[in-house]
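# Notes for the structure review
Chain by chain, the residues:
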Amino acid sequence: MALGPMMPDNREVELKLIPMSGDLEHYARAAKALGTSGKGRTRRLHSVYFDTPKLKLRRKGYSLRIRHDGRKNIQTVKSSGAGAIMRGEWECAVATDAPSKDTLAGTPLCDVLGDRDLSNLRAVFSTQVRRRTFVIMRPDATVELALDIGEIQGDGRSLPICEAELELASGTPTALLSCARDLASIVPSLPVLSSKGERGFRLSAGSPQSAVSELSFDVTPGMSTEQAIQSTFSTCFTGLFDNFALLAAGGGGEALHQARVCIRRIRALASLFEPAQQWRGDNDLSPRLRWLTQFLGASREVDVLCETVLAALGASYGSAPGVADLRAVFETRGEHARETAIDYLKSPAALELSLDLLGALARTSPTPQQAELLQMPIGRYLRRELRPRLKSFLKRCRHIERLDPPEQHEARVRAKKLRYMIDPFGALLARRSFSSLIEPLQTIQRVLGDLNDRRTGEALLMSYVEEVLGGDSGGSRILFAAGLATALCRASDTKDVTDSAAAARSRLERSDLDFDEGEDSGLA
């Protein structure tokens with residue numbers, strides 16, 4: 001039985017920071033420098049997270065937990081999609097250790113869970129946290145700073161927790177970001193948007209420290225354009241920051257690759273929603289995101305060369321002189337490039353960009369024209385924006401098999417961008433219509449990407465040959481291996497590749513963009 005009142009506005013505004021040093025005590029000292037007093041309040045929290053056997057709540061974008069805080073049991077329902085640093089929250093005191101139909105009354109889960117689902121709710125994982133809290137008083141906001149250290153436990157596995165959580169008690173989301181910026185100027189940090197609950201589900205799935213490669217978008221036909229913007233960018237930011245954190249912790253090439261994919265998705269969506277959500281202006285993020293994509297790309301290009309051409313070289317000519325040495329050279333270069341990327345992530349510039357991205361999503365005051373677009377059903381907005389883009393792409397690639405290499409590269413970039421614009425909105429199209437759009441774009445992206453990888457690999461190898469010839473002549477064995485690798489770069493039949501791209505373009509020409517606007521299509 002519920003014993004306490006629900007939160008009045010059902011909204012939580014928070015942001016997590018992880019210290020690059022791994023020491024939370026730095027935040028305690030930083031908090032004092034920002035105006036808090038006292039040693040802070042310390043307590044131990046034990047939380048149990050619940051879901052159905054098929055994880056229905058997680059699939060629907062909700063989490064459900066009961067937290068034991070001293071003698072109190074607090075049940076909390078949270079939803080995603082309200083915004084990058086905003087979540088819906090329904091909280092009440094309960095007398096039991098497990099949720100029930102009565103305790104969930106007044107929350108969205110009443111509509112999500114049927115009687116059978118309610119009876120099948122089970123504990124999935126738990127968290128044990130030692131929390132130290134401070135209150136930071138600022139002229140424009142009151143922020144609660146919680147320093148959490150502990151672990152997530154589930155199915156015999158565990159995952160450490162070491163993070164600072166800033167929650168807005170009063171003020172605006174912009175003020176919370178300003179507070180985070182001031183804290184991070186004292187303690188080198190990275191932001192994290194994924195909740196303890198989300199990390200707990202990854203732990204239960206057996207992939208707690210894996211790069212985030214699959215983004216679960218939750219745009220539905222009934223959403224307005226404004227709601228879709230908040231939802232899609234929140235999903236992309238969460239994936240980006242998780243991959244940043246994993247890369248900074250030594251997560252390797254896959255974390256770097258997936259971070260780069262998230263950046264490309266963000267850039268594509270920023271272009272798609274530019275008429276409704278002005279990202280350019282005094283603080284234009286586009287050049288900084290473009291630079292970061294290229295910066296991280298230096299490492300990715302070397303990784304691809306090692307994973308494809310040099311791996312094939314080793315398989316075919318493993319005993320040839322210099323083959324192992326050549327691969328070792330480029331693996332070392334790849335490691336150096338990743339170390340350079342990690343150094344960037346630990347710099348103030350990375351945090352500034354991350355917080356500026358969140359700030360751009362929190363900006364308000366649209367023009368009258370933008371306000372009209374923001375209230376438009378997302379399906380209608382997508383038809384308005386994507387149909388001319390698809391038409392332009394098809395026209396420019398009419399004879400894709402005849403394009404020269406620079407034009408093929410441009411076609412691949414455009415296909416990838418168009419795919420990233422469409423990909424989050426699969427729920428608004430019939431499955432066959434969605435496949436008829438995405439699959440040809442993926443094919444064009446893949447086959448032209450393979451061509452581009454081979455050309456890039458050849459350029460890297462030739463650059464290395466010129467480098468060695470200009471210096472130590474003792475590298476002749478490695479140069480021999482580089483010649484074999486260059487031959488592999490040119491071995492495949494380019495015509496087969498371009499014909500495949502042309503066939504995919506023909507399929508794309510027959511596709512449709514009939515996005516569902518939801519039941520209420522009378523929105524402006």
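This is a predicted model, so every value here is computed, not measured.

A tally of helices and strands in the protein chain yields 18 helices and nine strands. At a minimum sequence separation of 6, the contacts of the protein chain that also span at least 24 residues come to 75%. As displayed, the protein chain has an accessible area near 23,900 Å², and 49% of this comes from carbon and sulfur atoms.

Among the nonpolar cores identified, the biggest contains 115 residues, and Phe237, Leu358 and Ile378 are the most heavily contacted of them. Looking at which element gives the most residues to this core, the answer is helix 7 (residues 225-248), with 12 residues. Among residues more than four places away in sequence, those in contact with isoleucine 378 are Val219, Thr220, Pro221, Met223, Ser224, Thr225, Ala228, Phe273, Phe425 and Leu428. If you look at the next biggest cluster of nonpolar residues, it comprises 19 residues, including Leu305, Leu310, Leu326 and Tyr464.

By the secondary structure assignment, glutamine 408 is in helix 15 (residues 405-422). Apart from the residues within four sequence positions on either side, glutamine 408 is in contact with Ile400, Leu403, Leu448, Leu451, Arg455 and Thr498.

Where strand 6 (residues 122-138) lies against strand 7 (residues 141-154), 13 bridges are found, and the strand directions are antiparallel. Across the sheet, the residue bridging to valine 135 is glutamate 144, located in strand 7. Across 13 bridges, strand 7 lies against strand 8 (residues 157-170) in antiparallel orientation. Bridge assignment links isoleucine 149 to a residue of strand 8, and that residue is cysteine 162. Where strand 7 hands over to strand 8, the hairpin turn is made up of two residues, of which aspartate 155 adopts a positive phi near 55 degrees.

Summed over all chains, the structure comprises 11 aromatic pairs. Ring centres 5.5 Å apart and planes at 25 degrees place the aromatic pair phenylalanine 273 and tyrosine 381 in the stacked group. Placement of phenylalanine 273 in the loop between helix 8 (253-272) and helix 9 (286-307) and of tyrosine 381 in helix 14 (residues 378-396) is noted, with a sequence separation of 108 residues between them. Measuring from ring centre to ring centre gives 4.9 Å for tryptophan 291 and phenylalanine 295, while their planes differ by 10 degrees; the resulting arrangement is stacked. Linking tryptophan 291 with phenylalanine 295, this pair stays in helix 9, spanning four residues, or about one helical turn. We classify tryptophan 291 as partly exposed; its relative accessible area is 41%. For phenylalanine 295, a relative accessible area of 23% puts it in the partly exposed group. A connected cluster of aromatic rings, assembled from ring pairs, spans Phe233, Phe237, Phe241, Phe273, Tyr381 and Phe425.

Take the pairing of strand 6 next. Bridge analysis of strand 2 (residues 41-51) against strand 6 gives 11 bridges, and the strand direction is antiparallel. When the sheet's bridge partners are listed, serine 47 is paired in strand 6 with threonine 127. Between the end of strand 6 and the start of strand 7, which pair antiparallel, lie two residues.

A separate point is the layout of surface pockets. Within this model, the second largest pocket holds a volume of roughly 1,000 Å³. Residue lining of the second largest pocket: 37 residues in total, with Arg58, Ser80, Glu198, Ser216 and Thr238 positioned closest to the centre. If you list the elements that add at least two residues to the lining of the second largest pocket, you get helix 2 (56-59), strand 3 (62-69), strand 4 (72-83), strand 5 (86-94), helix 6 (196-204) and helix 7. If you tally residues by element for the lining of the second largest pocket, the top one is helix 7, at six residues. Across the lining of the second largest pocket, the residue classes tally to 10 nonpolar, 18 polar and nine charged.

Residues shown with low pLDDT carry predicted positions that ought not to be read at fine detail. The predicted model of the protein chain averages 86 in pLDDT, with 93% of residues at 70 or higher. The low-confidence segment residues 1-8, where pLDDT is below 50, has 21 contacts with residues more than four positions distant or belonging to other chains.

Positive phi, close to 55 degrees, is recorded for leucine 55, a residue that is not glycine. Inspection of the secondary structure assignment puts leucine 55 in the loop between strand 2 and helix 2. When its relative accessible area of 23% is taken as the criterion, leucine 55 is described as partly exposed.

This next bit is on the packing of helix 9 against helix 10 (residues 309-317). Between helix 9 and helix 10, the least distance of the axes is 3 Å, while the angle of their chain directions is 20 degrees. As far as their axial angle goes, helix 10 and helix 9 are roughly parallel. The segment helix 9 lies against helix 10, with Val304, Leu305, Cys306 and Glu307 engaging Val309, Leu310 and Ala311. Counted by class, the contact of helix 9 with helix 10 contains six nonpolar, no polar and one charged residues.

Glancing now at helix 6. Most of helix 6 sits inside the fold, with eight of its nine residues counted as buried. Considered for burial, the residues of helix 6 that qualify are Lys196, Gly197, Arg199, Gly200, Phe201, Arg202, Leu203 and Ser204. Once helix 6 finishes, glycine 206 follows within two positions and takes phi at roughly 85 degrees, a positive value.

How each quantity is defined
Residues numbered from 1 in each chain as written. Predicted model: local features only at pLDDT ≥ 70, side-chain atom pairs only at ≥ 80, totals over all residues. Heavy atoms only, no water. Helix = DSSP H or I, 4+ residues; strand = E, 2+ residues; numbered from the N terminus. Contact = heavy atoms within 4.5 Å. Areas by Shrake-Rupley, 256 points an atom, 1.4 Å probe, with all protein chains shown as cover. Core = buried A, V, L, I, M, F, W, Y, C linked by side-chain atoms within 4.5 Å. Buried < 20%, exposed > 50% of the residue type's maximum accessible area, 1.4 Å probe, protein only. Pairing = 2+ DSSP bridges. Phe/Tyr/Trp six-rings, centres within 6.5 Å; stacked < 30°, edge-to-face > 60°. 1 Å grid on protein atoms, 1.4 Å probe; cavity = no way out; pocket = protein on both sides within 12 Å on 5 of 7 lines; lining within 4 Å. Points joined across faces, edges and corners; volume = space filled by probe spheres on them. Nonpolar A, V, L, I, M, F, W, Y, C, P; charged D, E, K, R; others polar. pLDDT = per-residue confidence, 0-100. Axes fitted to C-alpha atoms, helices over the stretch in contact; angles between N-to-C directions. Parallel < 35°, antiparallel > 145°, perpendicular 65-115°, else oblique.

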